[in-house]
Amino acid sequence: MIMKNIHEDRIHIVNDTDCDENGKYILYWAIKSFRAHWNHSLEYAVGLAEKEDCGVVVCTHLENTQNHLTERHIKFHVEGLQDFKNELSDRNIKFVFRLGSASDVFKDLLKDAKAVVSDFGYLRENTSVTNHIHKTFSSKLVLVESNVTVPVEGVSDKQEYAARTIRSDIMDAYQDYLEKPTSSKVPKSTLNYSLDSRSIDSYQSIIDDLSFSEHTNVVEEYKGGHSEAKSKLDYFLNSELNDYDDARQSPTDRSVSEMSMYLRFGHIAPSYILSRVESRRKTDDVKSYIEELLVRRELTHNFVYFTEEDYDSLKALPDWAQETLDKHKSDEREHVYTRSELENGKTHDEAWNECMKRMRETGYLHNHMRMFWGKQILAWTNTPQFALSTLLYLNNKYFLDGNDPNSYANALWIFGLHDRAWGENDVFGKVRKMNRSGLDSKIDVDKFVEGK
Ligand SMILES: Cc1cc2nc3c(=O)[nH]c(=O)nc-3n(C[C@H](O)[C@H](O)[C@H](O)COP(=O)(O)OP(=O)(O)OC[C@H]3O[C@@H](n4cnc5c(N)ncnc54)[C@H](O)[C@@H]3O)c2cc1C
């Protein structure tokens, strides 16, 4: 039987046992999908609860010390949790949020769980949480892939070389994965269970209680949460999608969806976005959006999933790119900047400095400028190794959509991943080069620098 209309490829049974008959509820430990809408993992937990005639408790945590999140991410994330909690409450589901390490923060909840459901994360910090649950919880444990349209292994069983090698398979497959999971109110409420939970009313008080390895200001321009994601999507589909194919080439045109940060925090489901886009007439704009959201985004998940430990390392590059970068690593650079000069936008190039300014101030940058921004880091630092670590440092610190599979695959794209060899140049070798004169020929740089 297909539970809750969830495609079976999404479901990974980790502990294939019965539910614990002494347990009190089904525990959904959310690590990537912070929404009650179109959340296959949550609905799977609800389906199990209906079978077991019990309630559902949803929990999530933050580690006390943050390596990849800064203050701006916490604000955005907590705004998402506030929506999530309200939506769960309407469905009789208790929400528990705590600060602490994965290994001990929910010991009490695990003890009383009949079964644990979690969503499927791809980065190290996600898999380490699920590995921990696996080690300590012996009853039924199920992971459900809810943050990609096509489950990674549903389309390929290996690391794909480039978009061209995954495109036709994923385009053939995706219609089968646009299923809307059936959603229902849980008959047995857990709302009155007495379970300690940290308040999420104030993101500032949560920020105050965490320690961070890096600091940023919070960004007012973007508000997190499912309701915000949904209204932004409605606006994009009604007013801007018709201009998307041109807009994605032009950083001074804001007709892009700005969905990446909501996808990063699981505030909206990619398959939901796709099902909305899919219902439109297949114009070039629609085709182009599907290319980005489905082919390009899911290629990055394929990359992180199959490279495992190396997804943030030059070792993950194809051989030709490693060889050519190594051959050119001692080439003389026209400009060399320190990490701090780059971070503070103190280079000779005002377009590049404007990119950094937007990142620092708004946490967002148009894709075209991200390409230019990243390629100059390779050009202006003393080794490819240092270039990658600097690029990832700035990317994950400032972008609201940072530290996502998209971050790592796109950072490595700067160094040749998912690309082919081009003509040989200094520093870049055969890796595709982008420079300021190329940018000037493609976009209105003055307009961009003026902040438009
Ligand atoms: C150096 C560099 C660093 C990047 N860092 C990140 C990052 O940290 N996080 C992140 O999510 N994206 C990153 N990208 C990819 C891309 O720039 C952003 O996803 C996109 O600009 C987000 O804006 P949007 O939501 O308005 O995109 P739209 O143009 O509206 O596209 C819709 C969705 O398609 C997906 N998408 C678009 N472009 C790409 C792409 N090139 N690769 C994969 N998926 C894509 C995203 O999920 C996006 O939300 C990076 C690109 C480069 C070149």
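Just so it is clear, the model here is predicted, and its values are computed rather than measured.

## Remarks on the overall build of the chain
The number of helices and strands found in the chain is 20 helices and 8 strands. Against the compact-globule benchmark of 22 Å for 452 residues, the chain has a radius of gyration of 22 Å, which places it among compact chains. Along the first, second and third principal axes, the C-alpha atoms of the chain reach 70 × 45 × 40 Å. Burial statistics for the chain: of 452 residues in total, 48% are counted as buried. At a minimum sequence separation of 6, the contacts of the chain that also span at least 24 residues come to 81%.

## With respect to the pairing of strand 6 (residues 113-119)
Here strand 6 lies mainly inside the structure; 7 of its 7 residues are buried. Both strand 6 and strand 7 (residues 140-144) contribute to a ladder of 5 bridges, which runs parallel. Paired with Ser118 across the two strands is Leu143, which belongs to strand 7. Once you follow strand 6 into helix 4 (residues 124-136) and on to strand 7, the crossover reads as right-handed.

## Quick notes on the domain arrangement of the chain
Its domain assignment divides the chain into domain 1 (1-146), domain 2 (148-180 + 225-311) and domain 3 (312-449). The gap between the C-alpha centroids of domain 1 and domain 2 is 24 Å. Tallying the contact residues gives 23 residues for domain 1 and 21 residues for domain 2. Each residue belonging to the side of domain 1 that touches domain 2 can be placed in one class, and the counts come to 6 nonpolar, 9 polar and 8 charged.

## Let's talk about the sheet that holds strand 7
The 6 strands lie next to each other as 1-7-6-2-3-5, forming an open sheet whose pairing is mixed. Single-partner strands in this sheet number two, and they are strand 1 (11-15) and strand 5 (94-99). The mean inter-strand angle of the sheet, taken between neighbouring strand axes irrespective of direction, is 25 degrees. Set on the sheet, helix 1 (residues 40-52) makes contact with strand 1, strand 2 (25-29), strand 3 (55-62), strand 6 and strand 7; between it and strand 6 the angle comes to about 160 degrees.

## Focus: the site of the ligand
Neighbouring the ligand are 28 residues; Ser257, Gly374, Asn406, Ser407 and Asn410 lie closest to it. At the level of secondary structure, the elements contributing two or more residues to the shell around the ligand comprise helix 10 (260-264), helix 12 (284-307), helix 16 (367-380) and helix 18 (405-413). When residues of the shell around the ligand are sorted by domain, at least three fall in each of domain 2 (148-180 + 225-311) and domain 3 (312-449).

## Concerning the nonpolar core
Core analysis: the largest hydrophobic core is formed by 129 residues, its most contacted members being Ile26, Val56 and Phe415. For this core, the leading source of residues is helix 12, giving 8 residues.

## Some words on the packing of helix 11 (residues 270-278) against helix 12
Think of two packed helices as two axes; the pair is described by the angle between the axes and how far apart they sit. The N-to-C vectors of helix 11 and helix 12 enclose an angle of 160 degrees; their axes lie 11 Å apart at closest approach. As summarised for this structure, helix 11 and helix 12 are arranged roughly antiparallel, according to the angle between their axes. Considering how the two elements wind past one another, helix 11 and helix 12 form a crossing that is left-handed. Residues Pro270, Ile273, Leu274 and Val277 of helix 11 lie in contact with helix 12, whose contacting residues are Val286, Tyr289, Ile290, Leu293, Leu294 and Arg297. Of the residues belonging to the contact of helix 11 with helix 12, the class tally is 9 nonpolar, no polar and 1 charged.

## Remarks on the environment of Asp169
Mapped onto the elements, Asp169 comes out in helix 6 (residues 163-173). Separated by 154 residues in sequence, Asp169 and Glu323 place their C-alpha atoms 30 Å apart. Apart from the residues within four sequence positions on either side, Asp169 is in contact with Val155 and Ser156.

## Structural notes on unusual backbone geometry
The backbone of Lys4 shows a phi angle near 55 degrees, a positive value even though the residue is not glycine. If you trace the backbone, Lys4 turns up in the segment before strand 1. The exposure class of Lys4 is buried, given the 21 C-beta atoms found within 10 Å. Here the phi dihedral of Asn403 falls at roughly 55 degrees; this positive angle occurs in a residue that is not glycine. For Asn403, a count of 20 C-beta atoms within 10 Å gives the class buried.

## Some remarks on the environment of Glu221
Structurally, the position occupied by Glu221 is in the loop between strand 8 (211-212) and helix 8 (226-240). The exposure class assigned to Glu221 is exposed, which follows from the 10 C-beta atoms found within 10 Å. Sequence separation of Glu221 and Tyr364 is 143 residues, and the distance between their C-alpha atoms is 9.9 Å.

## Re helix 4
Residues separated by three or four positions in an α-helix point in the same direction, a consequence of the helix having 3.6 residues per turn. Here helix 4 spans 18 Å end to end across 13 residues, near enough to the 18 Å set by a 1.5 Å rise per residue. Those residues of helix 4 not exposed but buried are Val129, Thr130 and Ile133. Down the axis of helix 4, the sector holding all buried residues measures 90 degrees, keeping them to one side. Those residues of helix 4 that are buried are in contact with strand 2, strand 6 and strand 7.

Calculation notes
Residues numbered from 1 in each chain as written. Predicted model: local features only at pLDDT ≥ 70, side-chain atom pairs only at ≥ 80, totals over all residues. Helix = DSSP H or I, 4+ residues; strand = E, 2+ residues; numbered from the N terminus. Rg over C-alpha atoms; globule rule 2.2 N^0.38 Å. Buried ≥ 20, exposed ≤ 12 C-beta atoms within 10 Å, placed from the backbone. Contact = placed C-beta atoms within 7 Å. Pairing = 2+ DSSP bridges. Right-handed = clockwise from strand over helix to strand, strands pointing away. Domains from an automatic or database assignment. Nonpolar A, V, L, I, M, F, W, Y, C, P; charged D, E, K, R; others polar. Axes fitted to C-alpha atoms, helices over the stretch in contact; angles between N-to-C directions. Near = placed C-beta within 6 Å. Core = buried A, V, L, I, M, F, W, Y, C linked by C-beta atoms within 7 Å. Parallel < 35°, antiparallel > 145°, perpendicular 65-115°, else oblique. Left-handed = near helix turned anticlockwise from the far one by under 90°. Expected span 1.5 Å × (residues − 1). Arc of directions from axis to C-beta.

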